[in-house]
Structures are given as C-alpha cells and as structure tokens.
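The chain contents come next:
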Amino acid sequence: MPFEFLVVFGSVRRDRRGIGLARFLVEAIQSRGHGATLVDPMETSLPLLDRMYKEYPKGEAPPAMKALAEKIRAADAFVFVTGEYNWGPQPGLKNLTDHFLEEWFWRPAAIASYSRGRFSGVRAGTVWHGILSEMGMVVISSVLAVGPIAGTLDADGRPIEDAGAALNRAFPRFADDLAWWTQAAKVQRASKAPPY
C-alpha cells in the first residue's frame, strides 16, 4: 500500500548541508513506491510565528500557509530532518511546525538528525521527540542519526564513503518502522474517528 510522506527540513542557513539528507530521504522513500514531498522552510517563506493557521479567519490565511496546511493534512506520515544547534533543533524547523497544530494530529512521525560532528544531531533529535509528541504525532522508535554530515552525503544527497554506506544499511529498518506505524494509523483512522 503506497503512502504519502512529507519530509520536513529545518535549516534556513545559506550554506546548509542537511538539505542533502532531506533529498536522500525523499528519493529513498520514493524508491520504495511511496510518495514523498520535501517541505523546505526557505521555500515556504513563513514569517516568524505571529498567528497560527487556525487563528486566521476562514479564507484569510496567507496563501503559502494555506497551501502548506493542505499538504500536511493530505500526508499519511512525516519525516522531520533536524540539525543540531546548541543541543536543540533548528529554529526554522520549530517555526515552520508551530504555525500548525491539529493538521499534524493522529499521524506517525520519524526523526532524522544530523550535525557536522560525531554526535550526529542526536541531542536535537531527543528534544524534537517530545515536541512532536506534544503536537499530536506518534513518534517511531527508529531514528537516523547522520554525522559528520559532510562525510556521509554530498550536497545532492548521494551517500559517500563508509558513512554513506552505513546510512544505506540503516535506512531500511527506519523506513519499515515508519511504514508499519503509518499503515496502523491509517487503518485506525478509517475504522474509528479520532477522539477530538
């Protein structure tokens, strides 16, 4: 059964390396027969959070925000790609997600983290896990942690060297875990309406 995934990326820096990981994930998910769409905060151009999508009167939300809300609602599950800034996730990722709430509910989420160093963004991933749970998502236990990012993927998301080979070996378990939870959540939503 094919699913629709959103791969949500967080960095808005000029020389961002993590975009390669986001591109790798989109391509790897698509190679398994699923749909995968990249959500890039540099392309959505959402402002710093002032009003959430739900706080706008019907029909008055900015067009970019409305379009993203529709993409989120149409997705079966999400993969969040976070770098690590001072032991936490990127502000661009947090800002993008905080514009929405109910749109995320009752679907699974997976976390792929990265950093320039050997800790591979795992501290940001740990923080992000609690945030996503609070936002109404079921966060799967499998994670991808990539670091150093420059020694694992090129800018186009192609695995390189031994670290890239390790990423290729780790991805199937991550993807299988996410697909299992995605199917379970989809079946449950179809058989019984969410409680709120």
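Look a little higher up for the structure.
Here, residues in each chain are numbered from 1, in the same order as that chain's written sequence. Per-residue local features are limited, in this predicted model, to residues with pLDDT of at least 70; the limit for side-chain atom pairs, both in listing and counting, is 80 or more; totals at the level of whole chains, interfaces and linings are taken over all residues. Where side-chain values are given, they derive from all heavy atoms of the structure, hydrogens and water being excluded.

Caption draft 1: Inspection of the pattern of salt bridges at higher detail. By salt bridge we mean one thing: a side-chain nitrogen of Lys or Arg within 4 Å of a carboxyl oxygen of Asp or Glu. Evaluated as defined, the whole model comprises 11 salt bridges. Across the pair glutamate 103 and arginine 73 runs a salt bridge, and its minimum N-O distance is 3.7 Å. Of this pair, glutamate 103 sits in the loop between α4 (91-98) and β4 (108-114) while arginine 73 sits in helix α3 (residues 63-74), and the two are 30 residues apart along the sequence. Accessibility here uses a 1.4 Å probe with only protein chains present; expressed as a share of the type maximum, an area under 20% marks a residue as buried, one over 50% as exposed, and anything in between as partly exposed. Accessibility expressed as a relative area gives 7% for glutamate 103, which makes it buried. Salt bridges sharing partners connect three or more residues here, namely Asp76, Lys186 and Arg189. Strands here mean DSSP runs of E at least two residues long; helices mean DSSP runs of H or I at least four residues long; both are numbered from the N terminus.

Caption draft 2: Up close: the packing of aromatic side chains. We call Phe, Tyr and Trp rings a pair once their centres come within 6.5 Å, taking the six-membered ring for Trp, and we label the pair stacked below 30 degrees between planes, edge-to-face above 60, and tilted otherwise. Taken as a whole and judged by the stated rule, the model has 12 aromatic pairs. Aromatic side chains phenylalanine 80 and tryptophan 128 sit 5.8 Å apart centroid to centroid with 70° between the ring planes, which places their arrangement in the edge-to-face category. Of this pair, phenylalanine 80 sits in strand β3 (residues 77-83) while tryptophan 128 is found in helix α5 (residues 122-134), placing the two residues 48 residues apart along the sequence. The residues phenylalanine 80 and tryptophan 128 share a single accessibility class, namely buried. Their ring planes at 75° and their centres at 5.0 Å tell us that tryptophan 180 and tryptophan 181 sit as a pair that is edge-to-face. Accessibility expressed as a relative area gives 38% for tryptophan 181, which makes it partly exposed. Three or more aromatic residues joined by ring pairs form one cluster here, namely Tyr53, Phe78, Phe80, Phe100, Trp104 and Trp128. Here, over-ring charges are defined by two tests on the NZ atom of lysine or the CZ atom of arginine: distance to the ring centre within 6 Å, and angle to the ring normal within 35 degrees. The ring of tyrosine 56 carries arginine 51 above its face, with NZ or CZ at 5.4 Å from the centroid.

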